[in-house]
Amino acid sequence: THLPLQQRLVAASFASSSALNQVGSFGTCAFVAATVVLWFGLSSIPLDHQHSSIASNVANAKKHDDDDGADRTKSNTSLIQQQQLQTLLQDGKVRTILAGFFVTIALLTENFLVWVVSATYVPSHNDTPTPLQDNGRLVLQSLASLASFTKADLQSIRDALNVPWSLVSALATSLLCVELHMGDDRSKKRSLWGVVLRALMTLAFARMIRGISFSLTVLPSQIPFCYDNKFPNPPPDNWSEWIWVGLNPATNGGCNDLIVSGHATITSLFACICTSVSGNTLFGICVWVLLSVDFLVEMYQGLHYSVDMFLGGVITSLLWKSFAHLEKDAHIGKNTKFVSLEHISVSDGMWYGVPTYVAFGVLTFGSSFMANGFIYLYLVCSVGVVVKNGGYSHYVQHLLLCLLYVALGVYL
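Residues numbered from 1 in each chain as written. Predicted model: local features only at pLDDT ≥ 70, side-chain atom pairs only at ≥ 80, totals over all residues. Heavy atoms only, no water.

In this section: the packing of helix H18 (residues 368–389) against helix H19 (residues 394–411). One way to put it is that H18 packs onto H19 with a least axis distance of 9 Å and a crossing angle of 165°. Of the possible angle classes, the one that applies to H18 and H19 is roughly antiparallel. Helix-helix and strand crossings are classified by hand; for H18 and H19 the assignment is left-handed. Mapping the contact onto sequence places Ala-371, Asn-372, Ile-375, Tyr-378, Leu-379, Cys-381, Ser-382, Val-385 and Val-386 in H18 and Tyr-395, Val-396, Leu-399, Leu-400, Cys-402, Leu-403, Val-406, Ala-407, Val-410 and Tyr-411 in H19. (Axes fitted to C-alpha atoms, helices over the stretch in contact; angles between N-to-C directions. Helix = DSSP H or I, 4+ residues; strand = E, 2+ residues; numbered from the N terminus. Parallel < 35°, antiparallel > 145°, perpendicular 65-115°, else oblique. Left-handed = near helix turned anticlockwise from the far one by under 90°. Contact = heavy atoms within 4.5 Å.)

With that settled, the discussion passes to a nonpolar patch on the surface. A cluster of nonpolar residues, Trp-239, Ile-243, Trp-244 and Leu-247, forms a patch on the protein surface that exposes about 500 Å² of accessible area. Looking at where Leu-247 falls in the secondary structure, it is placed in helix H12 (residues 239–247). (Patch = residues over 30% accessible without salt bridge, like charges linked within 9 Å, V, L, I, M, F, W, Y side chains within 5 Å. Areas by Shrake-Rupley, 256 points an atom, 1.4 Å probe, with all protein chains shown as cover. Salt bridge = Lys/Arg side-chain N within 4 Å of Asp/Glu carboxyl O.)

Turning next to unusual backbone geometry. Glycine aside, a negative phi is what most residues show, and trans is what most peptide bonds show. A cis geometry characterises the amide bond from Asn-233 onward to Pro-234, with omega recorded as 5°. Within the secondary structure, Pro-234 sits in the loop between helix H11 (226–230) and H12. The peptide bond linking Ile-259 to Val-260 adopts the cis configuration, its omega dihedral lying at 5°. Tracing the sequence through the fold places Val-260 in the loop between H12 and helix H13 (262–278). In the Ramachandran plot, Ser-148 falls in the positive-phi region, its phi being about 60° despite a non-glycine side chain. Mapped onto the elements of the fold, Ser-148 is located in the loop between helix H6 (135–146) and helix H7 (151–161). Residue class for Ser-148 comes out exposed when judged on its relative accessible area of 59%. Phi is positive for Asn-162, which is not a glycine, with a value near 50°. (Buried < 20%, exposed > 50% of the residue type's maximum accessible area, 1.4 Å probe, protein only.)

With that settled, consider the nonpolar core. Core analysis: the largest hydrophobic core is formed by 84 residues, its most contacted members being Leu-167, Phe-270, Ile-273, Trp-320, Tyr-378, Tyr-405 and Val-406. Tallying contributions element by element places H19 first for this core, with 11 residues. Look past the residues within four positions of Ile-273 in its chain and what remains in contact with it is Leu-171, Val-195, Ala-199 and Trp-320. Of all hydrophobic cores here, the second largest spans 11 residues; its members include Val-114, Ala-119, Phe-214 and Cys-255. (Core = buried A, V, L, I, M, F, W, Y, C linked by side-chain atoms within 4.5 Å.)

It is worth spelling out the confidence of the model for the protein at this point. Chain-level pLDDT for the protein is 82 on average; 86% of the residues reach the 70-or-more range. Predicted confidence in the protein is weakest over helix H3 (residues 54–68), with a mean pLDDT of 46, and strongest over helix H15 (residues 306–322), with 95. In this model, residues 50–65 is a region of pLDDT below 50 whose contacts with residues beyond four sequence positions or in other chains number 23 contacts. (pLDDT = per-residue confidence, 0-100.)

Another point: the pattern of salt bridges. Inspection of every chain in the model, using the stated rule, returns 7 salt bridges. Where Arg-190 meets Glu-327, a salt bridge forms, and the shortest distance between an N and an O atom there is 2.7 Å. A residue pair is termed long-range when its members are at least 10 positions apart, and Arg-190 in the loop between helix H9 (185–188) and helix H10 (192–216) and Glu-327 in helix H16 (residues 325–328) qualify at 137 residues. Per residue, the accessibility class of Arg-190 equals that of Glu-327, and both read buried.

This paragraph deals with the packing of helix H8 (residues 163–179) against H10. Taken N-terminus to C-terminus, the directions of H8 and H10 make an angle of 140°; their axes are 8 Å apart at the nearest point. As summarised for this structure, H8 and H10 are arranged oblique, according to the angle between their axes. Judged by residue contacts, Leu-175, Val-178 and Glu-179 of H8 engage Leu-192, Val-195 and Val-196 from H10.

This brings us to the packing of aromatic side chains. Enumeration over the complete set of coordinates arrives at 14 aromatic pairs. Their ring planes at 75° and their centres at 5.5 Å tell us that Phe-31 and Phe-360 sit as a pair that is edge-to-face. Of this pair, Phe-31 sits in helix H2 (residues 26–43) while Phe-360 is found in helix H17 (residues 346–365), placing the two residues 329 residues apart along the sequence. In this structure Phe-360 comes out as buried when scored by relative accessible area, which is 14%. Aromatic side chains Trp-115 and Phe-231 sit 5.5 Å apart centroid to centroid with 45° between the ring planes, which places their arrangement in the tilted category. Here the residue Trp-115 occupies a position in helix H5 (residues 92–120), and Phe-231 occupies one in the loop between H11 and H12, the gap between them amounting to 116 residues. (Phe/Tyr/Trp six-rings, centres within 6.5 Å; stacked < 30°, edge-to-face > 60°.)

Summed over all chains, the structure comprises 1 disulfide. Disulfide pairing is shown between Cys-226 and Cys-255; the S-S distance is 2.1 Å. Negative torsions about the S-S bond denote left-handed disulfides, and the value of about -95° found for Cys-226 with Cys-255 makes this one left-handed. Linking Cys-226 in helix H11 with Cys-255 in the loop between H12 and H13, this pair joins segments that are 29 residues apart in sequence. (Disulfide = S-S within 2.5 Å.)

Once that is clear, we can look at the side chain of His-394. Among the structural elements, His-394 can be located in helix H19. Those residues in contact with His-394 that sit more than four places away from it in its chain are Gly-41, Ser-44, Ile-45, Pro-46 and Tyr-352.

Turning our attention to the environment of Met-309. Structurally, Met-309 is set in helix H15. Judged by relative accessible area, which is 1%, Met-309 ranks as buried. Sequence separation between Met-309 and Ser-292 is 17 residues; the distance between their C-alpha atoms is 9.2 Å. Not counting chain neighbours up to four residues away, the residues in contact with Met-309 comprise Ser-261, His-263, Ala-264, Phe-295, Glu-298, Met-299 and His-304.

Our next topic: the environment of Ala-170. Position of Ala-170 relative to the elements: it lies in helix H8. Counting along the chain gives 160 residues from Ala-170 to Val-10, while the straight-line C-alpha distance between them is 5.2 Å. Residues in contact with Ala-170, not counting those within four places in the same chain, are Val-10, Ser-13, Phe-14 and Cys-274.

Below you can see the structure in the form of structure tokens.
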């Protein structure tokens, strides 16, 4: 029997990304990823741009008001305005955009807390505190010694598998399958906005739990002189300078933000999305086994305690499962028809291509500081397009995908 299309595509993208990593550089992989983003953007342009416009919902509500509104009182006007607001908040796209802002706030707050726990954990400033006993790491070290594996050997295996970026490739393909309704009936019943809403809420709550956890109990880092290598020592005495350090993006992570692993939450979320869209049990087992290998290498290296990686995977998976109901409330675009690629105009290609390959250039040739600046730039541009058009447009979706592309390149 033939496997459903979405199962074949998602598995193929995961495998091809891993294979490409064996022969290509980061720049090659980044270029291929950017091309996939552009392909996704052009392939998902709807024939009728008004079909799913948030602005059209508002316009229809206003038209309904005008038809009934000759004799309305102020109280009725207020009631109708509340109904309009309620209608907007029930719109799956509005809810997804709001969830995006929720995630942004959660990540910015977490970024500041990384600095807070590092700056206030005084024993790490002038010394390397004794790490806690990590039984998981001790077992891994014993097994590696029996197999005559060095730390460099294990890192080379991790680099060869390149599980995080294989998951990114599979994630892009999964979203494309959902948006274009490719695959079996199970896949066609899902919507892009529903899947993204569920993912954003999972990520937001996972990162909130992470920030609260490492703030409540500060664990000593297993990396020698971690604070000296990442933060100003001694911490600034001036409050404005102290706060400014916390506002700078911690692209290389912190020292004491250990419970729960941020890397584990992100990669586990990608695995949940890919395996959920694919629906193939064997593929799901392979993905989680390979991701577990990635986690084990990080545990062996001492970048995180074993419990950090374990909780990151478990908490994220449980949150993903608990937010399944969000997809049921966001069946948007199931009957949407898309413009075929041969009918894409040159101007559309330019409008979609420029931000895509600018993101590629910044990610490949720019610094992490510049990349973070472009993340904010794409966010501001997205808001500007929403304001200019009076609501959501497909181009906003593409700009947000470019933002995600840069963010993953910097922080993954």
